[in-house]
Amino acid sequence: MARKKIALIGAGMIGGTLAHLAAQKELGDVVLFDIAEGIPEGKGLDIAESSPVDGYDSRLKGTQDYKDIADADVCIVTAGVARKPGMSRDDLLGINLKVMKSVGEGIKAHAPNALVICITNPLDAMVWALQKFSGLPKEKVVGMAGILDSARFRYFLAEEFDVSVESVTAFVLGGHGDTMVPLERYSTVAGIPLPDLVEMGWTTQDKINSIIDRTRKGGGEIVALLKTGSAYYAPAASAIQMAESYLRDKKLVVPCAAYLSGEYGLNDLYVGVPIVLGSGGCERIVQVNFTAEEKAMFENSVGAVRELMDACIKLDPSLG
Ligand SMILES: NC(=O)c1ccc[n+]([C@@H]2O[C@H](COP(=O)([O-])OP(=O)(O)OC[C@H]3O[C@@H](n4cnc5c(N)ncnc54)[C@H](O)[C@@H]3O)[C@@H](O)[C@H]2O)c1
Ligand SMILES: O=C(O)C[C@H](O)C(=O)O
């Protein structure tokens, strides 16, 4: 059976890490596409030269030609710019919207049957624009953010409880910004929801509150430390989990930015919700029940996403 093909649009910090992980996991052959000459070729060759040591047979190719992504099974998009200290993700909107237009056209022309995973920020608005520019089916275009935000939440909780990260589950929904919605009732240690763990005296509400605050600011914490750009190891791992769930039809239930058409009472927007991710792409949107307080937080987050979509439409009226 022929190998699957994974196209990485953008071969910067996340793109290079994605290539390494995809090859090591033998998810398929990897094409790195970037406008910067030499970078995708250099990273592809460097990773390929590690393959005899690590023992994998994925082939890697770097390119500036969209023809090389032809018939890709998965396209993961990180093309664009990342923020630096002092910037918000939203400051990237103008530049990255133009990038989404060229990337969308490239994918439409050469890999129209792929699952497209957008990572470029500001995520919810960019994945929405990318779907429109590419014209690909909405269930085949998804955004990565919720797995990352939930992983941060899980990691901080595992530290607090001093337990394995594998024993911690968490759901962070909403837009990928300061308004994201970490859900306490749907986050657990060994299946026990956080409010019960507070009641049992294993932690305090104050500690949970500060972990939620740290989760919301998790991207900024890394930007402040790195100074030259933003996180890439955890974002890449999160997107690879999505690609794997699709390629192997695992049907993981994961929080992703998905297109809503009526779910949660919302229409024509992408925002973070739990989905079933299988060979059909976004196969189901899971509609969890919200308390009044959770609903208000989710709606606030949706409002922030809509503001960014409006800003996109002002810059490119074809999106309206
Ligand atoms: N969704 C998330 O959770 C999440 C997490 C981390 C980073 N991000 C975002 O992902 C993006 C990439 O981050 P990074 O750290 O890899 O940045 P990076 O600067 O290291 O890499 C971006 C790459 O895109 C390339 N590029 C620019 N314009 C292009 C175009 N038109 N076509 C093809 N390639 C193009 C650049 O040459 C560069 O190599 C940023 O927008 C960042 O904010 C999102
Ligand atoms: O914070 C950023 O700018 C990058 C990314 O969105 C993240 O959460 O790490």
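Just so it is clear, the model here is predicted, and its values are computed rather than measured.

## Digging into the confidence of the model for the protein
Thinking step 1. Within the protein, residue pLDDT values average 98, and 100% of them lie at 70 or more.
Thinking step 2. For this predicted complex, the interface confidence comes out at an ipTM of 0.99, alongside a pTM of 0.98.

## Examining the packing of helix α1 (residues 13-24) against helix α9 (residues 233-247)
In a packed pair of helices, the relevant descriptors are the angle between the two axes and the axis-to-axis distance.
Thinking step 1. With their axes 9 Å apart at the nearest point, α1 and α9 run at an angle of 50 degrees to one another. Taken together, the axes of α1 and α9 lie oblique to each other. Crossing angle aside, the handedness with which α1 passes α9 is right-handed. On α9, the residues touching I14, T17, L18, L21 and A22 of α1 are Y233, P235, A236, A237, A239 and I240.
Thinking step 2. Partitioning the contact of α1 with α9 into residue classes produces ten nonpolar, one polar and no charged.

## Considerations on the UniProt feature "domain: Lactate/malate dehydrogenase N-terminal" (unreviewed entry) in the protein
Thinking step 1. Here the UniProt-annotated "domain: Lactate/malate dehydrogenase N-terminal" (unreviewed entry) positions come out as residues 5-143.
Thinking step 2. As a span, residues 5-143 carries 42% helix and 18% strand, and end to end its C-alpha atoms are 19 Å apart.

## Details of a negative patch on the surface
Thinking step 1. There is a patch of like negative charges on the surface, built from D90, D91, D178, E307 and D310.
Thinking step 2. Within the secondary structure layout, D310 lies in helix α10 (residues 292-315).
Thinking step 3. What makes D310 partly exposed here is its relative accessible area of 46%.

## Comments concerning the site of ligand 2
Thinking step 1. Taken together, R83, R89, N121, L148, R152, H176, G219, S230 and A231 are the residues near ligand 2.
Thinking step 2. In this structure, an oxygen atom belonging to ligand 2 sits 2.8 Å away from a side-chain N or O atom of N121.
Thinking step 3. One of the side-chain N or O atoms of H176 is found 2.6 Å from an oxygen atom in ligand 2.
Thinking step 4. Protein chains shield 95% of the accessible area of ligand 2, which is 260 Å² for the free molecule.
Thinking step 5. Of the residues in the shell around ligand 2, the class split is two nonpolar, four polar and three charged.

## Quick word on the site of ligand 1
Thinking step 1. Around ligand 1 sit 27 residues in total, of which M13, D34, V81, I119 and M144 are the nearest.
Thinking step 2. I14 is positioned with one of its backbone polar atoms (N or O) 2.9 Å from an oxygen atom of ligand 1.
Thinking step 3. I119 is positioned such that a nitrogen or oxygen atom in its backbone is 2.9 Å from a nitrogen atom of ligand 1.
Thinking step 4. Across the complex, the protein chains shield 87% of the 860 Å² of accessible surface that ligand 1 would expose by itself.
Thinking step 5. Contributing elements (two or more residues each) for the shell around ligand 1: α1 and α3 (93-110).
Thinking step 6. Sort the elements by how many residues they give to the shell around ligand 1 and α3 lands first, with three residues.
Thinking step 7. Class assignment of the residues belonging to the shell around ligand 1 gives a composition of 17 nonpolar, nine polar and one charged.

What counts as what
Residues numbered from 1 in each chain as written. Chains lettered and ligands numbered in written order. Predicted model: local features only at pLDDT ≥ 70, side-chain atom pairs only at ≥ 80, totals over all residues. Heavy atoms only, no water. pLDDT = per-residue confidence, 0-100. Axes fitted to C-alpha atoms, helices over the stretch in contact; angles between N-to-C directions. Helix = DSSP H or I, 4+ residues; strand = E, 2+ residues; numbered from the N terminus. Parallel < 35°, antiparallel > 145°, perpendicular 65-115°, else oblique. Left-handed = near helix turned anticlockwise from the far one by under 90°. Contact = heavy atoms within 4.5 Å. Nonpolar A, V, L, I, M, F, W, Y, C, P; charged D, E, K, R; others polar. UniProt positions renumbered as here; feature names shortened; annotations may be inferred. Patch = residues over 30% accessible without salt bridge, like charges linked within 9 Å, V, L, I, M, F, W, Y side chains within 5 Å. Areas by Shrake-Rupley, 256 points an atom, 1.4 Å probe, with all protein chains shown as cover. Salt bridge = Lys/Arg side-chain N within 4 Å of Asp/Glu carboxyl O. Lys, Arg positive; Asp, Glu negative; His and termini not counted. Charge placed at Lys NZ, Arg CZ, Asp CG, Glu CD. Buried < 20%, exposed > 50% of the residue type's maximum accessible area, 1.4 Å probe, protein only. Near = heavy atom within 4 Å. Polar contact = N/O pair within 3.5 Å; in protein donor to acceptor, adjacent residues only side chain to side chain.

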